[in-house]
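Chain by chain, the residues:
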Amino acid sequence: MSDTSYLAWPFLDDSHRELHAALKSWCEDYDFSHSDDVDTECKKLVADLGKAGWLRNCVPAEWGGTSEKLDVRSIALCRETLAYHSGLADFSFAMQGLGSGAISLFGSAEQRENYLPRIATGEAISAFALSEAKAGSDVAAMETSADLLGDEYLLNGEKTWISNGGIADVYCVFARTGDAPGSRGLSAFIVDATNPGLSIIDRIETIAPHPLATMSFDDCRVPVSARIGASGEGFKVAMATLDVFRTSVAAAALGFARRALDEALRHTSTRQLFGAPLSALQMTEAAIADMATEIDASALLVYRSAWAKDCHQERVTREAAMAKLYATEAAQRVIDQAVQLFGGSGVTKGNIAESLYREIRALRIYEGASEVQKVIIARQTYGGAKQ
Ligand SMILES: Cc1cc2nc3c(=O)[nH]c(=O)nc-3n(C[C@H](O)[C@H](O)[C@H](O)COP(=O)(O)OP(=O)(O)OC[C@H]3O[C@@H](n4cnc5c(N)ncnc54)[C@H](O)[C@@H]3O)c2cc1C
């Protein structure tokens, strides 16, 4: 039932069509049902996604990946396809890419060699530790410090909302190194989970459960060789990483929305109301038309952004922000409409519309809330107009 006509769009090539077909087939055979123990489930998913080769899309070819550099269209197609089948599977895939993205983009040869091959096989789980209690949208307000003492840094502070916190083997941690204020004094570090200065102090439960934690750094010693990129370049490292992965958040939203539309089509075609299928009512047709149109508009923005990054531009800050803003907001509307078409069953625990409704919500907040995306788009638009 799913519309796959977008696969013929010029943004994608044959390798992407083959990737989509193979992953779709794998997903259709895989048993995504899982227990409430998200730690165990995510570890299993990472191992299985690794064994099947899908995580190779998360790192460059030289270190076990599939493409010479991170291919945003492949990452987007993987996330869209996995999200269609399972929010937790999409999450497990996405974090391998986001958690190791800074190493792929800015890491030294030694850092890449040490971590990326194990990320690509699923032998190591990665995490991205940027947010703090007082520094979520306002990254520049970050307080976690990294003081240079001889040939090592001493990290102190707390990070929160860290996906994979508690199960990750390696964390990409951002901390304040210099005296420069705001975003200019930040640097990025690789911190192994075995580091005795790192501890998980709280686990966070959300409406769509996945491993999420608050963590503390107490005189956490990391060698200078664990710094990713130059000192003071942490903000650049974080933003360049998000430049790749923001488009993929939009792609995951697209996968959730496509699933909601397919389920709504199935349900309205069989549910009898007033002596005919629900689909015979014109207001149902109007709802389906809105859902399908918003999905196509989202897909155009997602694959435009991914294509631009892969083939055309070094930075896609504006395109990625537009894709994330539109696709996540549209997916929320599409899924809400699916819940409505399901009637009472749509809000019943275990119903697919109900679980999609919970899955989509956080995507409008993390990796930059929708309001933050609007600020980015407006500034880029003013910037472009002044040139
Ligand atoms: C499920 C989940 C997973 C996450 N995973 C990670 C992770 O792996 N690593 C990590 O580092 N972080 C992660 N985060 C943190 C996430 O990035 C932050 O929650 C997000 O950046 C928002 O920060 P905040 O929660 O502090 O909200 P705040 O910064 O307090 O913002 C609150 C609200 O204010 C509004 N707002 C913000 N800025 C503006 C503006 N400029 N103009 C107008 N309104 C504005 C928005 O509506 C926003 O939602 C995760 C969060 C969630 C919910």
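See the structure printed just above.
What you see is a predicted model, and the numbers here were worked out from it, not measured in a lab.

1. Observations concerning the overall build of the protein chain
Next up, step 1: Helix and strand content of the protein chain: ten helices and ten strands.
Next up, step 2: Expected size for 387 residues packed as a compact globule is a radius of gyration near 21 Å; at 21 Å, the protein chain falls within 12% of this value.
Next up, step 3: Counting every position in the protein chain, which comprises 387 residues, the buried fraction comes to 55%.
Next up, step 4: The long-range fraction of contacts in the protein chain, counting pairs at least 24 apart against all pairs at least 6 apart in sequence, stands at 72%.
Next up, step 5: Surface summary for the protein chain: the accessible area is close to 16800 Å², and the carbon and sulfur share equals 53%.
Next up, step 6: Charge separation in the protein chain, taken as the distance between the mean sites of 37 positive and 51 negative side-chain charges, equals 4 Å.

2. Some words on the environment of threonine 293
Next up, step 1: Relative to the elements of secondary structure, threonine 293 occurs in helix H7 (residues 282-311).
Next up, step 2: On the accessibility criterion, threonine 293 (54% relative accessible area) is exposed.
Next up, step 3: Distance from threonine 293 to valine 334, taken between C-alpha atoms, is 9.9 Å for residues 41 residues apart in sequence.

3. Some details on the packing of aromatic side chains
Next up, step 1: In this structure the tally under the stated criterion is nine aromatic pairs.
Next up, step 2: Positioned above the aromatic ring of tyrosine 84 is the side chain of arginine 259, whose terminal nitrogen or guanidinium carbon lies 5.4 Å from the ring centre.

4. Examining the nonpolar core
Next up, step 1: One finds Trp26, Leu155, Phe174 and Val191 to be the most contacted residues of the largest nonpolar core, which totals 73 residues.
Next up, step 2: Looking at this core, the element that brings in the most residues is helix H4 (residues 87-106), giving eight residues.
Next up, step 3: Apart from residues lying up to four places away in sequence, leucine 155 is in contact with Ser145, Ala146, Val173, Phe189, Val191, Phe217, Asp218, Asp219, Cys220 and Val222.

5. Points about the state of the cysteines
Next up, step 1: The full count for this structure, using the stated rule, is zero disulfides.
Next up, step 2: With no disulfide partner, cysteine 42 has as its closest neighbouring cysteine sulfur the one in cysteine 58, 14 Å distant.

6. A closer look at the site of the ligand
Next up, step 1: By nearness alone, 19 residues border the ligand, and Phe128, Ser131, Ser137, Trp161 and Glu371 come closest of all.
Next up, step 2: At 2.7 Å, a backbone N or O of phenylalanine 128 approaches a nitrogen atom of the ligand.
Next up, step 3: The contact in question runs from a nitrogen atom of the ligand to an N or O atom on the backbone of tryptophan 161, over 2.9 Å.
Next up, step 4: Assessed atom by atom at 2 Å from the grid points, the ligand resides in the largest pocket.

7. Things to note about helix H1 (residues 14-29)
Next up, step 1: A rise of 1.5 Å per residue sets the reference length of H1, with its 16 residues, at 22 Å; its end C-alpha atoms lie 23 Å apart and thus fit the reference within 8%.
Next up, step 2: Considered for burial, the residues of H1 that qualify are His16, Leu19, His20, Leu23, Trp26 and Cys27. Around the axis of H1, the buried residues are gathered within 135° of arc, so they sit on the same side. For H1, the exposed residues lying more than 90 degrees away from the buried face are Glu18 and Asp29.
Next up, step 3: For H1, the elements touching its buried residues are helix H2 (38-51) and helix H3 (72-85).

8. Points about the pattern of salt bridges
Next up, step 1: The final tally for this structure, using the stated rule, is 19 salt bridges.
Next up, step 2: Note that lysine 236 and glutamate 233 form a salt bridge whose closest N and O atoms lie 3.5 Å from each other.
Next up, step 3: Counted as one network, the salt bridges with shared partners bring together Lys44, Asp48 and Lys51.

9. Side note on the packing of H4 against helix H6 (residues 234-270)
Next up, step 1: Here H4 crosses H6 at 160°, and the two axes come no closer than 9 Å. Overall, the two elements H4 and H6 adopt an arrangement that is roughly antiparallel. Between H4 and H6 lies a crossing whose hand is right-handed. For the pair H4 and H6, contact is made by Gly87, Asp90, Gly97, Leu98, Gly101, Ala102, Leu105 and Phe106 and by Lys236, Val237, Ala240, Thr241, Leu242, Val244, Phe245, Ala252 and Phe256, respectively.
Next up, step 2: For the contact of H4 with H6, the residue count by class is eleven nonpolar, four polar and two charged.

10. Topic: unusual backbone geometry
Among all residues except glycine, the phi angle is most often negative; among peptide bonds, the trans geometry is most common.
Next up, step 1: Non-glycine residue phenylalanine 274 carries a positive phi angle of around 55°.
Next up, step 2: Residue placement: phenylalanine 274 occurs in the loop between strand E9 (272-273) and strand E10 (276-277).
Next up, step 3: You will see that glutamate 367, though not glycine, has its phi angle at about 55°, which is positive.
Next up, step 4: Here glutamate 367 shows up in the loop between helix H9 (352-361) and helix H10 (370-386).
Next up, step 5: Residue classification places glutamate 367 among the buried positions, given a relative accessible area of 17%.

11. Structural notes on the side chain of glutamine 96
Next up, step 1: Looking at the element boundaries, glutamine 96 is found in helix H4.
Next up, step 2: Overall, the relative accessible area of 0% leaves glutamine 96 in the buried class.
Next up, step 3: With sequence-adjacent residues up to four places away left out, glutamine 96 is seen in contact with Val46, Leu55, Cys58, Ile119, Gly122, Ala124, Ile125 and Ser126.

Analysis parameters
- Residues numbered from 1 in each chain as written.
- Predicted model: local features only at pLDDT ≥ 70, side-chain atom pairs only at ≥ 80, totals over all residues.
- Heavy atoms only, no water.
- Helix = DSSP H or I, 4+ residues; strand = E, 2+ residues; numbered from the N terminus.
- Rg over C-alpha atoms; globule rule 2.2 N^0.38 Å.
- Buried < 20%, exposed > 50% of the residue type's maximum accessible area, 1.4 Å probe, protein only.
- Contact = heavy atoms within 4.5 Å.
- Areas by Shrake-Rupley, 256 points an atom, 1.4 Å probe, with all protein chains shown as cover.
- Lys, Arg positive; Asp, Glu negative; His and termini not counted.
- Charge placed at Lys NZ, Arg CZ, Asp CG, Glu CD.
- Phe/Tyr/Trp six-rings, centres within 6.5 Å; stacked < 30°, edge-to-face > 60°.
- Lys NZ or Arg CZ within 6 Å of the ring centre and 35° of its normal.
- Core = buried A, V, L, I, M, F, W, Y, C linked by side-chain atoms within 4.5 Å.
- Disulfide = S-S within 2.5 Å.
- Near = heavy atom within 4 Å.
- Polar contact = N/O pair within 3.5 Å; in protein donor to acceptor, adjacent residues only side chain to side chain.
- 1 Å grid on protein atoms, 1.4 Å probe; cavity = no way out; pocket = protein on both sides within 12 Å on 5 of 7 lines; lining within 4 Å.
- Sits in = over half its atoms within 2 Å of the grid points.
- Expected span 1.5 Å × (residues − 1).
- Arc of directions from axis to C-beta.
- Salt bridge = Lys/Arg side-chain N within 4 Å of Asp/Glu carboxyl O.
- Axes fitted to C-alpha atoms, helices over the stretch in contact; angles between N-to-C directions.
- Parallel < 35°, antiparallel > 145°, perpendicular 65-115°, else oblique.
- Left-handed = near helix turned anticlockwise from the far one by under 90°.
- Nonpolar A, V, L, I, M, F, W, Y, C, P; charged D, E, K, R; others polar.

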